[in-house]
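Spelled out from the first residue to the last, the chains are:
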Amino acid sequence: ADKEDVAPGFFSGYGRFPPYQTNAVVLRPDHQLEECANLPPVHAWCHAPVAHCITQITPQEIVDGFEQLERMT
């Protein structure tokens, strides 16, 4: 789903179910892929049989998230 949720913390799984008693960095794509963005929402706002929007996250974003997590400890 888009980073700007309609109802943050309500529809968003990462907002409702954060990691318990640990630091975390949440990586999310900047936008939905076209097939999800242009169709009515379904469970988790995705129309694909496999996670595909998450593949937009780059290796560098993962490294940056890990480095941010290291600074939290």
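Residues numbered from 1 in each chain as written. Predicted model: local features only at pLDDT ≥ 70, side-chain atom pairs only at ≥ 80, totals over all residues. Heavy atoms only, no water.

Undergrad: Please provide a residue-by-residue account of the overall build of the protein chain, values included.
TA: Regarding its fold elements, the protein chain presents 3 helices and 0 strands. Listed N to C, the secondary structure of the protein chain is α-α-α in terms of helices and strands. When contacts within the protein chain are restricted to residue pairs at least 6 apart in sequence, long-range pairs at least 24 apart make up 56% of them. As presented, the protein chain carries roughly 5,800 Å² of accessible surface, and 59% of it is formed by carbon and sulfur atoms. (Helix = DSSP H or I, 4+ residues; strand = E, 2+ residues; numbered from the N terminus. Contact = heavy atoms within 4.5 Å. Areas by Shrake-Rupley, 256 points an atom, 1.4 Å probe, with all protein chains shown as cover.)

Undergrad: So, the environment of Q56: which residues are in play, and what are the values?
TA: Along the chain, Q56 falls in the loop between α2 (34-37) and α3 (59-72). Linking Q56 and Q32, residues 24 residues apart in sequence, is a C-alpha distance of 9.2 Å. Residues contacting Q56, with those up to four places away along its chain left out, are P29, H31, Q32, L33 and E61. For Q56, the side chain forms a polar contact with the main-chain oxygen of C53, separated by 3.0 Å. (Polar contact = N/O pair within 3.5 Å; in protein donor to acceptor, adjacent residues only side chain to side chain.)

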